[in-house]
Amino acid sequence: SSPKLKPSVAEVMADAQPWRTDMPGTPVKDVRSAISLNDRIIFINQLFSEDPIVFQNDITQINTMTSLDQVVDYLSSSHPDWDFNSELVYRFMMAIRRRVK
């Protein structure tokens, strides 16, 4: 039997967080345009503690970022309680990935 190679960090992260590798859809200039009204309401209520101002401020910040790592660092520090493996965060991150690669 041959020795097993350890998976790369990227492979481990992709397994843990499919939003990193799944195809996000057509690119957008503003994350807001990638989020439907229904999703916006759900995100504000469940991810942003029912605070639309925090949601708007975070989207404004994210729109200035150029890499997914910047976004993840920002959101991880701003929202340490988020489960980055949840279906809801997946939907949010897929919208972000339409803006940031």
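In case you missed it, the structure is sitting above this.
Residues numbered from 1 in each chain as written. Predicted model: local features only at pLDDT ≥ 70, side-chain atom pairs only at ≥ 80, totals over all residues. Heavy atoms only, no water.

It is worth spelling out the nonpolar core at this point. In this structure, Leu-75, Phe-92, Met-93 and Ile-96 are the most contacted members of the largest nonpolar core, which totals 27 residues. Secondary-structure elements contributing two or more residues to this core are helix H2 (37-46), helix H3 (52-63), helix H4 (68-78) and helix H5 (87-97). If one sorts the elements of this core by residue count, H5 sits on top with 7 residues. Leaving out residues up to four positions away in the same chain, Phe-92 has contacts with Ile-35, Phe-43, Leu-47, Phe-48, Phe-55, Ile-59, Ile-62, Leu-75 and Trp-82. (Core = buried A, V, L, I, M, F, W, Y, C linked by side-chain atoms within 4.5 Å. Buried < 20%, exposed > 50% of the residue type's maximum accessible area, 1.4 Å probe, protein only. Helix = DSSP H or I, 4+ residues; strand = E, 2+ residues; numbered from the N terminus. Contact = heavy atoms within 4.5 Å.)

Tracing the sequence through the fold places Asp-22 in the loop between helix H1 (9-16) and H2. The exposure class assigned to Asp-22 is partly exposed, which follows from its relative accessible area of 27%. Apart from residues no more than four positions distant in its own chain, Asp-22 is found in contact with Tyr-90, Met-94 and Arg-97.

A word on the pattern of salt bridges. By the definition in use, this model includes 3 salt bridges. The partner of Arg-20 in a salt bridge is Asp-69, with the nearest N and O atoms 3.9 Å apart. Taken together, the positions of Arg-20 in the loop between H1 and H2 and Asp-69 in helix H4 put the pair 49 residues apart, joining distant regions of the chain. With a closest N to O distance of 2.2 Å, Asp-39 and Arg-91 form a salt bridge. Highlighted residues: Asp-39 in helix H2 and Arg-91 in helix H5, separated in sequence by 52 residues. We classify Arg-91 as partly exposed; its relative accessible area is 30%. (Salt bridge = Lys/Arg side-chain N within 4 Å of Asp/Glu carboxyl O.)

When we look at burial in H2, the residues that qualify are Asp-39, Phe-43 and Ile-44. For H2, the angular spread of buried residues about the axis comes to 130°, placing them on one side. Among the exposed residues of H2, those oriented more than 90 degrees off its buried face are Leu-37, Asn-38 and Gln-46. As for H2, its buried residues are in contact with H3 and H5. (Arc of directions from axis to C-beta.)

The next point concerns the packing of H2 against H5. Packed helix pairs are characterised by how far apart their axes lie and by the angle those axes make with each other. At a closest axis distance of 11 Å, the pairing of H2 and H5 adopts a crossing angle of 125°. Taken as axis vectors, H2 and H5 run oblique relative to one another. H2 and H5 meet at a crossing whose hand is left-handed. In this structure, H2 contributes Asp-39, Ile-42, Phe-43 and Gln-46 to the contact, and H5 contributes Leu-88, Arg-91 and Phe-92. (Axes fitted to C-alpha atoms, helices over the stretch in contact; angles between N-to-C directions. Parallel < 35°, antiparallel > 145°, perpendicular 65-115°, else oblique. Left-handed = near helix turned anticlockwise from the far one by under 90°.)

As for its placement among the helices and strands, Arg-97 is situated in helix H5. Residue classification places Arg-97 among the buried residues on the basis of a relative accessible area of 9%. Setting aside its immediate chain neighbours within four residues, Arg-97 contacts Trp-19, Arg-20, Thr-21, Asp-22, Pro-24 and Leu-68.

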